[in-house]
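Coordinate inspection notes
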Amino acid sequence: MRFATFLTGVAAVAIAVSAAAQNAPSSPPEKAAGSDFGLSDLSGTVNQLSDQRTSEAQAAAEPQAATGAVPQAETAAAQVSSAPAPATGTLPPLDSEQRAEMARAAARGRQIFAIARAGMLATQDMLSRVADPAAAGISGWIAEPEGNAMLVTFYSDSDGGPVAVYRARVLGGRAVSRETFLTGDRPRLAGLAERMARARSGSESDEHRACTDQPFNVIAIPPAAADGPIDVYRLSAPASRSRLPLGGHFRSTVAADGNVTETRGFSRGCLNVDVGEVAPGTQAGPIAVTHLLDPLPTEIHVFLSLFSGRPLVIAAGDPTRLFMVAGDAIREMRR
C-alpha cells in the first residue's frame, strides 16, 4: 500500500481525534449513570433498541442478495430522548468476570485511541519535513511505547524487510524529536518493530471492507510479551468530521510465527451516523447503539466514544442490558 493511500485515512480523522482528546473524559463520572447527560428516563430507548435488535437479527438471518453490497449494520443509532426508567434494574448485577471484561475493553479502547492520536501527531510532524512521502516509499506506520512517550515509525517495504523512513517521539501532544532517513542506507526494523510491521501486512484480508470511501486506519497493538500475539485493528475512517462509522471495524490476531490465528468483525454491516457539531460550552449528546455480537460493550465502543468526544449508550446482551460508554469509562445503567 503506497503512502498516498495510507495518508488519506490518517488525514480524514486528524481533526476529530484532536478534538476528542481534548473533550473525552479520562475517568468514570462520579454521578449516577446518565445523570450528566439528561438520561434520567430511558426505558423507551431500551424498548426501541430491543425492537431494533429483533428486526436486525431477523434481517441478518435472511440471505443477502448477490450484489456485492455491504449489508446494513446490526448496529443502529439514534439520539437518546426522554422516556420512562429502564428495566435493567430487574436483572442480576454483573458478576466479577463481566466487570473484568469491561475493564479490559476500556483499557484496550484507550490504548487504540492513544496509538491513533500518536500516529496523527507524528503524521503532521512528518509532513512538515518530508516533501514527497509517496516518493519516499512510506507504506505504513507503527507505534511503540517508550517510557512516557510513543515512538512512531513510518516505514517502507524493501526486499530485505521493512526499513525506517521517519521516526518521531510523541510526548505531551507533540513530536519532541525525530529522525529522517531519505538518503543512503535506511535502518531495518528489527525485533518487535519488524514483527508489528509484518503483522500489519500479514493481516490484510479482502473480507475486511471499510464502511466509508476512505482507507482503513490500521492500528497494531504492541504485544504484552516479546513473543506474544499482536492484535491489528482495521478501523473504518470517517469521510467527514460530522459522520461517525459505527460499523466496519475488525481485529486480527497474529501469532509470533506470523500466522493469523483469529479474526473478527465488530458488526454485521455498516452504519454511518450524523453526529453534527457540538457548540462551544455545550455537552455533546449521547448516541444510542444496539450491539448483537457481544453481551457487553467492546473496545471499539470505547474507541468510538473517545474518538468522537460523545458518550454512547449501548444495548447489548439477551436479556438486554443498557451500558454507558463515556470516554474510557464503561458502566451498566441501572435504576
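You'll find the structure just up there.
Residues numbered from 1 in each chain as written. Predicted model: local features only at pLDDT ≥ 70, side-chain atom pairs only at ≥ 80, totals over all residues. Heavy atoms only, no water.

Considering the sheet that holds strand E10 (residues 260–265)
- Sheet architecture is open: four strands sit in the order E6-E7-E9-E10, paired in antiparallel fashion. In this open sheet, the two edge strands, each paired with only one partner strand, are strand E6 (217–220) and E10. With direction set aside, neighbouring strand axes in the sheet form an average angle of 15°.
- With four bridges joining them, E6 and strand E7 (residues 230–235) adopt antiparallel strand pairing. Note that in E7 the partner of Asn 217 across the bridge is Leu 235. (Pairing = 2+ DSSP bridges. Helix = DSSP H or I, 4+ residues; strand = E, 2+ residues; numbered from the N terminus. Axes fitted to C-alpha atoms, helices over the stretch in contact; angles between N-to-C directions.)

Quick notes on helix H3 (residues 96–127)
- Look at H3: 47 Å from first C-alpha to last across 32 residues, which is about the 46 Å you get at 1.5 Å a residue.
- Backbone nitrogen of Glu 97 and a side-chain oxygen of the N-cap are separated by 3.1 Å at the start of H3; the cap is Asp 95. (Expected span 1.5 Å × (residues − 1). Polar contact = N/O pair within 3.5 Å; in protein donor to acceptor, adjacent residues only side chain to side chain.)

Thoughts on the pattern of salt bridges
- Taken as a whole, this structure holds 13 salt bridges when the rule is applied.
- With a shortest N-O distance of 3.1 Å, Glu 194 and Arg 188 are connected by a salt bridge.
- Owing to a relative accessible area of 46%, Arg 188 belongs among the partly exposed residues under this scheme.
- The partner of Asp 294 in a salt bridge is Arg 264, and the shortest N-O contact between them spans 2.9 Å. Placement of the pair is Asp 294 in the loop between strand E12 (287–291) and helix H6 (299–308) and Arg 264 in strand E10, with a sequence separation of 30 residues.
- Because the salt bridges share partners, they merge into one network encompassing Asp 125, Arg 129 and Arg 178. (Salt bridge = Lys/Arg side-chain N within 4 Å of Asp/Glu carboxyl O. Buried < 20%, exposed > 50% of the residue type's maximum accessible area, 1.4 Å probe, protein only.)

Comments concerning the packing of aromatic side chains
- Scanning all chains against the criterion turns up four aromatic pairs.
- Cation over ring: Arg 264 sits above Phe 266, and NZ or CZ is 4.2 Å from the ring centre. (Phe/Tyr/Trp six-rings, centres within 6.5 Å; stacked < 30°, edge-to-face > 60°. Lys NZ or Arg CZ within 6 Å of the ring centre and 35° of its normal.)

Here we look at the state of the cysteines
- This structure, assessed with the given rule, holds one disulfide.
- Here Cys 211 engages in a disulfide with Cys 270; their sulfurs sit 1.9 Å apart. Taking the torsion about the S-S bond as the criterion, the Cys 211 to Cys 270 disulfide, at about -75°, is left-handed. With a gap of 59 residues between them, Cys 211 in the loop between helix H5 (191–202) and E6 and Cys 270 in the loop between E10 and strand E11 (272–274) connect regions that are remote in the sequence. Of the two residues examined, Cys 211 and Cys 270, each falls in the buried class. (Disulfide = S-S within 2.5 Å.)

A few points about the environment of Tyr 166
- Tracing the backbone shows Tyr 166 in strand E4 (residues 163–171).
- For the pair Tyr 166 and Glu 179, spaced 13 residues apart in sequence, the C-alpha separation works out to 5.7 Å.
- Leave out the neighbours within four places in its chain, and Tyr 166 touches Ala 122, Asp 125, Met 126, Arg 129, Val 130, Val 152, Thr 153, Phe 154, Arg 178, Glu 179, Thr 180 and Phe 181. (Contact = heavy atoms within 4.5 Å.)

No statement about biological role is implied by the geometric values presented.
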